[in-house]
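# Observations on chain architecture
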Amino acid sequence: MTQALAATGATVTPLHPGSALVQIEAQSAAHRRGVPRTVRRLSGVLLLLAIWSLAAVQQWLSPDLLPGPLTVIAALRELVVTGQLGDALRASLLRVVVGASIGMSAGVAAALFAGLLRLGEDLIDAPIQMVRTLPWAGLVPLLLIWLGIDEGSKVALVALASFFPIYLNLFAGIRNVDETLVEAARTMGLRPAAVIRHVVLPGALPNALVGLRYALGSSWLALVFAETVNSQTGIGYLTTYARETYRTDIIFVCLLIYAALGLSADIVVRTLEGRLLSWRPSFKAA
């Protein structure tokens, strides 16, 4: 039996010397122990950096079009020393935090209203779907007229961008909860509020976390667009300034910062998923 299991690639380890009991470990699990997960996740980034460096050294494109990593690092140091990067980061982070908080809170409230009540769905779902299809470029002039060129229009655009992913995913999660579980909870005597708390909301949580990931990503995309229109601060303003002065190295710095901030937000949400959804069995890739 032990030899047959070993032939399949599984790891067979005796629990105690001389014991007939063995611990069987799947081939995929044994293989994953070979290379740390962190190293494997960084390999794609390192490969991309290597290709970028090779392209810069070989000058496949003009240095004015594709600056090398060392040039970008020098531009980053310049922005840090002059204080421009710190000021821009503070302005951008404040807009994202305020706008995303407003948008996601409104999205959760709207999804609960429409998902738990048919009246709520009849009242707000169709208008939300209509507004969702409007392009950001078309909303910006209207927001500028309504809220001015200061922070209000930028925060509003970020709030709108984060509202729709939360609403759509949480609404879908609520409506996809297994009706059998709801009926079982009612049969056990749980009141409607308890059913929502202990059955509906936990069942909708996976969709809500997916919506959170999309909402944070959409917030950064909306911020880029908002800060390149009538803005005097923020990472987007630095990008506009670099474009006007033909500083592609600063543009690369700004893009890398956006990418790092977006990746950081995604890592936070994935960590939350691991903690909040530890009860749910899920497929793990080999």
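Above this text is the structure in question.
Let me sum up the structure you'll find in this document. (Residues numbered from 1 in each chain as written. Predicted model: local features only at pLDDT ≥ 70, side-chain atom pairs only at ≥ 80, totals over all residues. Heavy atoms only, no water.)

### Notes on the pattern of salt bridges
- The full count for this structure, using the stated rule, is eight salt bridges.
- For Glu-78, the salt bridge is made with Arg-247, and the minimal N-O distance between the two is 3.1 Å. Highlighted residues: Glu-78 in helix α4 (residues 69–82) and Arg-247 in the loop between α11 (235–244) and α12 (248–276), separated in sequence by 169 residues.
- Here Glu-78 falls in the partly exposed class, since its relative accessible area comes to 34%.
- Assessed through its relative accessible area of 23%, Arg-247 is described here as partly exposed.
- Salt-bridge contacts for Glu-183 lead to Arg-186; the nearest nitrogen and oxygen are separated by 3.1 Å. (Salt bridge = Lys/Arg side-chain N within 4 Å of Asp/Glu carboxyl O. Helix = DSSP H or I, 4+ residues; strand = E, 2+ residues; numbered from the N terminus. Buried < 20%, exposed > 50% of the residue type's maximum accessible area, 1.4 Å probe, protein only.)

### Some words on the nonpolar core
- Among the nonpolar cores identified, the biggest contains 20 residues, and Leu-79, Leu-223, Ile-235, Ile-250 and Val-253 are the most heavily contacted of them.
- Listing elements by their share of this core, those giving two or more residues are α3 (37–57), α4, α5 (84–116), α10 (192–227), α11 and α12.
- In terms of residues, this core owes the most to one element, α12, which gives five residues.
- Every residue in contact with Ile-250, bar those within four places of it in the chain, is listed here: Ala-75, Leu-79, Leu-238, Tyr-241 and Ala-242.
- Within the second largest apolar cluster, 19 residues are counted, among which are Ala-111, Val-177, Val-199 and Ala-208. (Core = buried A, V, L, I, M, F, W, Y, C linked by side-chain atoms within 4.5 Å. Contact = heavy atoms within 4.5 Å.)

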